[in-house]
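This is what each chain is made of:
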Amino acid sequence: METTTTLSRETEIYNDYVKEWKDKGGKVVGYSCVATPVELIEAAGLLPYRIKALGNSDTELADGEMSLFNCSFCRACLQLGLDGTYDFLDGLIETNGCDHLRAMFENWQHRKKLDCFYYLKVPHFYRDDSLAYFEENLGLLKGLLEEKSSVKVTDEALDEAIHGWETVREKWRELSALRELDTPKVTGSEALALEIKGSSMLSGDFVAMLSRFIAERKDAVGTKPAARLMVCGPATDEVEWFEEIERLGAVVVADVLCFGSRAFVTAPPASDGSPLHRLAEAYLSSIFCPRMYKEYERRRDLIRETARRARVDGAIYLYNKFCDLHGVDSVIVRRDLEEAGIPVLVLEKEYSAKADIGRVKTRVQAFMERIGGVA
C-alpha cells in the first residue's frame, strides 16, 4: 500500500499534489512549527506546506551557515532550502519554537530573500495578555497573506478553514483508535507516513485520504504485537525509524511527537468571539511542547493519558543530538512516566544517521526484553 512504504525524499518533498497545485497557478507557503495556524494560510487561498527533510543526511551547505552543534534535523531542512529542493515555496513562516529552528529560518531567508516571509511570535505561556499578543500577531500574518495572495480572508472563509482542519483532527482520532486496539489495525509507521503526506495538502484532501485509509483498515484483522510502545519527542519525519522498531515485533500504538499526534491535539475553537480570536485561543492553549516551560503539568498529563488509553508496555523518548529542549524534557518525562509504572527508554541520535540504526535496534531489543516483549 502506498502509505506503508518508506517515503522517497525526491518524490515526496515536491510531490505530485504540490506540482499540480503549482501548475494551476497556486502558491505554497512553508512552515515548520505546529503552532502555525494552517487555517489562515488555507483561508487566503494558499497551500500550507510543513517543512520536512525525509531523511536527508547531506548538510554541506547548511553547515556553512549553522554550527555543527545545532540540531541535525534543522540543518537537514536548511540544506534542502539552500540547494534548491524547496524553490517551489512562495513564502515561509518562521516561529520561535527553539533557537535551532530560528537559525534555520533566518539563514534560509538571508540566502534566498523570499518575498513573503513572516516571523510569527508565539508566547511561551498561556494567559490573557499572551493570548492578546498572539492574536495581534495572527492579525499581522493575516494581513501579509492577504497582500501576497490578493485574497481577502473573510470571517466566513476562515470559519470554513477552521471547520476543515477540525474535521482532519476528528479523522486523526479515528485513525488513532485503530492503532490503540488490542490487535492494532494501523501501525505507527503507517500513521507517521500519512501525517507527512497530509501535511502538504488542503484540509479537504487530507480528510479524504484519511477516510479512504480508515475505510480500508477498519474491518481488517489486526496483529497482536510483541510489545505496545509509545514514542515521545520532537519533530521527526523518519518513517524508517518506526519501521525498524516495528520489524522487531513491536507496534508503536501511540505517540506524542511534534511530527505526529501532537500536531492534532489543538483544542476545538470556542464558539464565542471572532474567528481570529477563537483560532488564537485554540492554538495557544494546545501547544504541548517543552518550549511552553510553564505548562509542563499539562504536557505530562497528556503523555500519561495517551499511555493509559493505548495501554502501552513502555515508552521510547527519541530526540536528536543537541536538541536542548527535548534533551532536558526527557529527564523529567522519564521520571514521571516511570513513577506511573511505565518503563522508559531514552534514545539520543543524529538525524538520518544510518549508522545509528543498528545501535538503536540493539537498545530497543534489550528494552523489549526488559518490559516482557520478545524481539
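As the structure is a computational prediction, the values presented were derived from the model and not from experiment.

### Topic: the sheet that holds strand E2 (residues 47-50)
One open sheet accounts for four strands, arranged E2-E1-E3-E4; its pairing is parallel. Both outer strands of the open sheet, E2 and strand E4 (116-120), are each paired with one neighbouring strand and no more. Sheet twist, expressed as the average angle between the axes of neighbouring strands with direction ignored, equals 20 degrees. Sheet analysis places strand E1 (residues 28-31) next to E2, joined by four bridges and oriented parallel. Looking at the pairing, Tyr-31 lines up with Arg-50 of E2. Docked against the sheet, helix H2 (residues 16-23) engages E1 and E2, running at close to 145 degrees with respect to E2.

### Points about helix H4 (residues 72-82)
Working note: α-helix, 3.6 residues per turn, so residues spaced by three or four point in the same direction. Among the eleven residues that make up H4, eleven are buried, leaving the element largely enclosed by the rest of the structure. Taken as a whole, H4 has its buried residues at Ser-72, Phe-73, Cys-74, Arg-75, Ala-76, Cys-77, Leu-78, Gln-79, Leu-80, Gly-81 and Leu-82. Once H4 finishes, Gly-84 follows within two positions and takes phi at roughly 100 degrees, a positive value.

### Comments concerning the packing of aromatic side chains
A full pass over the atoms with the stated rule returns eleven aromatic pairs. With 6.2 Å between their ring centres and 75 degrees between their planes, Tyr-317 and Tyr-319 make a pair best called edge-to-face. In terms of burial, Tyr-317 and Tyr-319 fall into one category: buried. Aromatic rings pair up to connect Tyr-14, Tyr-49, Tyr-86, Phe-88 and Trp-108 into one cluster. For Arg-50, the ring lying beneath its charged end belongs to Phe-259, and the centroid distance is 3.9 Å.

### Description of the sheet that holds strand E6 (residues 250-257)
The strand order across the open sheet formed by four strands is E6-E5-E7-E8, and the pairing between neighbours is parallel. The sheet terminates laterally at E6 and strand E8 (344-349), the two strands that pair on one side only. For this sheet, the mean angle separating the axes of adjacent strands, direction not counted, is 25 degrees. Bridge count for strand E5 (residues 227-233) against E6 is seven bridges, and the pairing is parallel. The partner of Val-231 across the bridge, within E6, is Asp-255.

### Section: the pairing of strand E3 (residues 91-95)
By the criterion of burial, E3 is predominantly enclosed, with five of the five residues buried. Burial along E3 is two-sided: the face carrying Gly-91, Ile-93 and Thr-95 and the face carrying Leu-92 and Glu-94 are both buried. Strand direction decides the pairing type here: E1 and E3, joined by three bridges, are parallel. Across the sheet, Gly-30 pairs through a bridge with Leu-92, a residue of E3. Bridge count for E3 against E4 is five bridges, and the pairing is parallel. In the strand pairing of E4, Leu-92 is matched with Phe-117.

### Thoughts on the confidence of the model for the protein
Averaged over all residues, the pLDDT of the protein equals 91, while 96% of them reach at least 70. The secondary-structure element of the protein with the lowest mean pLDDT is helix H1 (residues 9-12), recorded at 60, while helix H3 (residues 38-43) shows the highest, at 98.

### Observations concerning the packing of helix H7 (residues 155-179) against helix H11 (residues 275-284)
Where H7 meets H11, the axes come as close as 9 Å, and the angle between the chain directions of the two elements is 30 degrees. In terms of their interaxial angle, H7 and H11 are classed as roughly parallel. For the pair H7 and H11, the contacting residues are Asp-155, Leu-158, Asp-159, Ile-162 and Arg-169 in the first and Pro-275, Leu-276, Arg-278, Leu-279 and Tyr-283 in the second.

### With respect to the pattern of salt bridges
Note that side chains of opposite charge can pair when their charged atoms are close. On inspection of all chains with the given rule, the structure shows 31 salt bridges. Put simply, Glu-146 and Lys-142 hold a salt bridge, and the shortest N to O gap is 3.4 Å. Here Glu-146 pairs with Lys-142, and both are found in helix H6 (residues 128-149), just four residues apart, close to one helical turn. As a salt-bridge pair, Lys-361 and Glu-244 come within 3.3 Å of each other at their nearest N and O atoms. Highlighted residues: Lys-361 in helix H14 (residues 354-371) and Glu-244 in helix H10 (residues 239-247), separated in sequence by 117 residues. Under the relative-accessibility criterion, Lys-361 is labelled partly exposed at 28%. Among the residues examined, Glu-244 registers a relative accessible area of 17% and is labelled buried. Look at the salt bridges and you will find they share partners, linking Glu-39, Glu-166 and Arg-169 into a network.

Conventions adopted
Residues numbered from 1 in each chain as written. Predicted model: local features only at pLDDT ≥ 70, side-chain atom pairs only at ≥ 80, totals over all residues. Heavy atoms only, no water. Pairing = 2+ DSSP bridges. Helix = DSSP H or I, 4+ residues; strand = E, 2+ residues; numbered from the N terminus. Axes fitted to C-alpha atoms, helices over the stretch in contact; angles between N-to-C directions. Contact = heavy atoms within 4.5 Å. Buried < 20%, exposed > 50% of the residue type's maximum accessible area, 1.4 Å probe, protein only. Phe/Tyr/Trp six-rings, centres within 6.5 Å; stacked < 30°, edge-to-face > 60°. Lys NZ or Arg CZ within 6 Å of the ring centre and 35° of its normal. pLDDT = per-residue confidence, 0-100. Parallel < 35°, antiparallel > 145°, perpendicular 65-115°, else oblique. Salt bridge = Lys/Arg side-chain N within 4 Å of Asp/Glu carboxyl O.

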